[in-house]
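# Breakdown of the fold
Residues per chain, in single letters:
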Amino acid sequence: MSNHESSGAGKQPFAVEAEPPIAAQLFGDNIVQARRFAADLAEDGELRGLIGPSEYPRLWTRHIVNSVLLAPLLRESVADVGSGAGLPGIPLAIARPDVAFTLIEPMERRTTWLNDVVERLALKNVTILRARAEDVHDDVAVQQVTARAVSAMSKLIPLTAPLAVAGGELLLLKGRAAETEIDKASKVIRKYRLSEVRVEELGEGLDTEPTRVVRALVDAEVGASQDLTEDR
Ligand SMILES: C[S@@+](CC[C@H](N)C(=O)[O-])C[C@H]1O[C@@H](n2cnc3c(N)ncnc32)[C@H](O)[C@@H]1O
C-alpha cells in the first residue's frame, strides 16, 4: 500500500487509487515494476510537476491501465511522443520488454524524471530523447508511434507520422472526441497519406475503463525521412 493511500491520517487530500485486480492480469510477471512506477509517480508526481494530485484517485485506471491496454498491439519498435510523466511509454515498456521504445519529450524536468524511472526500474528497452518530435524526424524511424494528451489530431499527425517507417502505424490515444478530431483533420490525413484511419476501443470485456485509440497506417511513400515541408 502506498503511503498516500487513504489511511485516515488526513495529510493527503487525494488518496491514491488502490491497484485494481486487472493490473496484475495485464502486466503479468512485470507487475512489480508497474507497482514501483505507480508508487514513484504518487510520491513524486506533484512535486516534480508531472501529474496533478487530483489524478491520484485514478492513477491506475485512468493512467497506467489505460496506457498498458495498448501493449498487445505493439510491433518491435515504438516512439512515444510527448511522454511527460511516461504515459503511455513507461507502462508499455514494462509490459513489453521485447519492444524497443524511444520516449520523446522536450521538457528537461520531465526527461530527468523519465531517466530516473528507467534507471530505477532497470528498463533496458527504453531510450529517452530530450527533443521536440518535429526536430527528430530525420533521426527516428520506428514501426509505431504513440501519443497521449499531446495535441489535437491535425497538429499531432505532422508531429508523429514522419517518425514511422513506411507501412508503420500511428496509435494515438484519444477520448470521446476522437471521431470529431478525425473529421477536423481530414486535410492533414490526406496530406500525410494515412490510411485505415479508425477508432478502436481496447479493453472490452475487461473490468476497467476502455482505452480509445485512433489507429492509422502510414503510407509506404510517406514513411520516415520523407520531406513533406514543401507544400506545408
Ligand atoms: C499534457 S502532457 C501529456 C503527457 C503524457 N503523454 C500523458 O498522457 O500524461 C503533453 C506533453 O507533450 C509534450 N510536448 C509538447 N509538444 C511536443 C512536441 N512538439 N514534441 C514532443 N513532445 C511535446 C509536453 O512537453 C508534455 O510533456
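Structure shown above.
Values in this document were obtained by computation on a predicted structure and should not be read as measured data. (Residues numbered from 1 in each chain as written. Predicted model: local features only at pLDDT ≥ 70, side-chain atom pairs only at ≥ 80, totals over all residues. Heavy atoms only, no water.)

From N to C terminus, the protein includes eight helices and seven strands. Looking at the protein as a whole, 53% of its 232 residues qualify as buried. In the protein, 68% of the contacts between residues at least 6 apart in sequence involve partners at least 24 apart. Counting every atom, the protein has about 11,000 Å² of accessible surface; 47% of that belongs to carbon and sulfur. (Helix = DSSP H or I, 4+ residues; strand = E, 2+ residues; numbered from the N terminus. Buried < 20%, exposed > 50% of the residue type's maximum accessible area, 1.4 Å probe, protein only. Contact = heavy atoms within 4.5 Å. Areas by Shrake-Rupley, 256 points an atom, 1.4 Å probe, with all protein chains shown as cover.)

A few words on the site of the ligand. Every one of the 16 residues lining the ligand counts as a neighbour, but Gly82, Leu87, Glu105, Arg110 and Arg148 are closest to it. Here a nitrogen atom of the ligand and a backbone polar atom of alanine 133 are 2.9 Å apart. Compared with its free state, where it exposes 600 Å², the ligand has 76% of that area covered by protein. Classifying every residue of the shell around the ligand gives eight nonpolar, three polar and five charged. (Near = heavy atom within 4 Å. Polar contact = N/O pair within 3.5 Å; in protein donor to acceptor, adjacent residues only side chain to side chain. Nonpolar A, V, L, I, M, F, W, Y, C, P; charged D, E, K, R; others polar.)

With that out of the way, let us pick up the packing of helix H2 (residues 31-44) against helix H3 (residues 59-68). Two elements in contact, H2 and H3, have axes separated by 12 Å at closest approach and are oriented at 125°. With respect to H3, the element H2 is oriented oblique. Between H2 and H3 lies a crossing of right-handed hand. Two secondary-structure elements touch here, H2 through Ile31, Ala34, Arg35, Phe37, Ala38, Leu41 and Ala42 and H3 through Leu59, Trp60 and Ile64. Residue composition of the contact of H2 with H3, by class: nine nonpolar, no polar and one charged. (Axes fitted to C-alpha atoms, helices over the stretch in contact; angles between N-to-C directions. Parallel < 35°, antiparallel > 145°, perpendicular 65-115°, else oblique. Left-handed = near helix turned anticlockwise from the far one by under 90°.)

Next up on the list: the pairing of strand E5 (residues 164-173). For E5, a buried count of seven out of 10 residues is recorded, marking the element as mostly surrounded by other parts of the structure. Of the pairings in the sheet, the one linking strand E4 (residues 142-148) to E5 comprises six bridges and is parallel in character. By the bridge assignment for E5, glutamine 144 is matched with glutamate 169. Remark: the E4/helix H6 (residues 153-160)/E5 crossover connection has right-handed handedness. (Pairing = 2+ DSSP bridges. Right-handed = clockwise from strand over helix to strand, strands pointing away.)

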